[in-house]
Amino acid sequence: MLKQWLARGRLRRQASSPEEIAALFKKIDRDLVECHKKDISLDWRLVIAYNAALGCATAALRASGFRVGEGGGNHVTIIDSLAFTMEIDRESIIALNAIRKKRHVTSYDAADTVSELEVDETIEMAEMLKKRLIGWLRQNHPELL
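S.K.: Explanation requested: the layout of surface pockets in the structure shown.
M.R.: Of the voids in this model, the largest pocket is the one considered here, and its volume is about 150 Å³. As for the largest pocket, its lining consists of Leu 24, Lys 27, Ile 28, Arg 30, Asp 31, Asn 51, Ala 52, Leu 54, Gly 55 and Thr 58. Residue composition of the lining of the largest pocket, by class: four nonpolar, three polar and three charged.

Here it is as structure tokens:
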């Protein structure tokens, strides 16, 4: 599927490096710390946890030698690529896309629309993806660690 996306311009080829993956992990780790802070609004905690999850998906895509193409829908492409990079199950991808939509609402349309449960689920998703990413990189791209 990634090759089909490449042919359609949804992705483009670009090799990654250990430095790039390390920089992505630095952002993921920072976001996973920040999203736990109780003095930040629930809205922003969800956005920050979502950014950590998106960072994991981005790192897997970059490690696979791809980067999103030009145009809109980059977050959708990055999230959907998880099925083909780290082989994340469909239910998790659907859940992450629902979080993406919630993040859009809270970032652009309305405040105070996020529950504590949604934040907790987003943090759990991001932490699961980070754990899976580390194992996947060790198995498939150890040269990037």
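S.K.: Whenever I open this one, a negative patch on the surface confuses me. Can you help?
M.R.: On the surface, Asp 120, Glu 121, Glu 124 and Glu 127 cluster together into a negatively charged patch. Of the residues examined, Asp 120 reaches a relative accessible area of 38% and is grouped as partly exposed.

S.K.: Could you clarify how one ought to interpret the pattern of salt bridges in this entry?
M.R.: Between side chains of opposite charge, pairing is possible as soon as their charged atoms come close. This structure, assessed with the given rule, holds nine salt bridges. Notably, a salt bridge pairs Arg 67 with Glu 20, separated by 3.8 Å at the nearest N-O pair. With Arg 67 in strand S2 (residues 66-68) and Glu 20 in helix H2 (residues 18-34), this pair connects stretches of sequence that are 47 residues apart. Overall, the relative accessible area of 26% leaves Arg 67 in the partly exposed class. Glu 20 gets classed as partly exposed once you look at its relative accessible area, which sits at 22%. For the salt bridge of Arg 30 with Asp 31, the shortest nitrogen-to-oxygen distance reads 2.9 Å. Classification of Arg 30 by relative accessible area gives partly exposed; the value is 46%.

S.K.: When you look at helix H5 (residues 90-108) in this model, what are you seeing that I'm missing?
M.R.: Taking 1.5 Å of rise per residue, 19 residues should cover 27 Å, and H5 covers 27 Å from first to last C-alpha, within 8% of that figure. For H5, the full list of buried residues reads Ser 92, Ile 93, Leu 96, Asn 97, Ile 99, Arg 100, Arg 103 and Thr 106. In this fold, the buried residues of H5 make contact with helix H3 (42-63), helix H4 (74-80) and helix H6 (116-140).

S.K.: Explain the environment of Ser 17 to me, please; I cannot follow it from the model alone.
M.R.: Inspection of the secondary structure assignment puts Ser 17 in the loop between strand S1 (11-13) and H2. For the pair Ser 17 and Gln 4, spaced 13 residues apart in the sequence, the C-alpha separation amounts to 24 Å.

S.K.: I'm lost on the environment of Glu 34 in this one. Help?
M.R.: By the element assignment, Glu 34 lies in helix H2. A relative accessible area of 25% means that Glu 34 is categorised as partly exposed. Here the alpha-carbon distance between Glu 34 and Arg 45, two residues eleven residues apart in the chain, equals 7.5 Å. With near-sequence residues (within four places) excluded, Glu 34 lies in contact with Ile 40 and Ile 48. A polar contact of 2.9 Å, which involves the side chain of Glu 34, links it to the side chain of Lys 37.

S.K.: Could you clarify how one ought to interpret the nonpolar core in this entry?
M.R.: The tendency in soluble globular proteins is for nonpolar side chains to be buried side by side. By size, the foremost hydrophobic cluster in this structure holds 42 residues, and its most contacted members are Ile 21, Leu 82, Met 86, Leu 96, Leu 129 and Leu 133. Elements supplying a minimum of two residues to this core: helix H1 (2-8), H2, H3, S2, H4, H5 and H6. The biggest single contributor to this core is H3, with 13 residues. Setting aside anything within four residues of it in sequence, one finds Met 86 in contact with Ala 60, Leu 129, Arg 132, Leu 133 and Trp 136.

Calculation criteria
- Residues numbered from 1 in each chain as written.
- Predicted model: local features only at pLDDT ≥ 70, side-chain atom pairs only at ≥ 80, totals over all residues.
- Heavy atoms only, no water.
- 1 Å grid on protein atoms, 1.4 Å probe; cavity = no way out; pocket = protein on both sides within 12 Å on 5 of 7 lines; lining within 4 Å.
- Points joined across faces, edges and corners; volume = space filled by probe spheres on them.
- Nonpolar A, V, L, I, M, F, W, Y, C, P; charged D, E, K, R; others polar.
- Patch = residues over 30% accessible without salt bridge, like charges linked within 9 Å, V, L, I, M, F, W, Y side chains within 5 Å.
- Areas by Shrake-Rupley, 256 points an atom, 1.4 Å probe, with all protein chains shown as cover.
- Salt bridge = Lys/Arg side-chain N within 4 Å of Asp/Glu carboxyl O.
- Lys, Arg positive; Asp, Glu negative; His and termini not counted.
- Charge placed at Lys NZ, Arg CZ, Asp CG, Glu CD.
- Buried < 20%, exposed > 50% of the residue type's maximum accessible area, 1.4 Å probe, protein only.
- Helix = DSSP H or I, 4+ residues; strand = E, 2+ residues; numbered from the N terminus.
- Expected span 1.5 Å × (residues − 1).
- Contact = heavy atoms within 4.5 Å.
- Polar contact = N/O pair within 3.5 Å; in protein donor to acceptor, adjacent residues only side chain to side chain.
- Core = buried A, V, L, I, M, F, W, Y, C linked by side-chain atoms within 4.5 Å.

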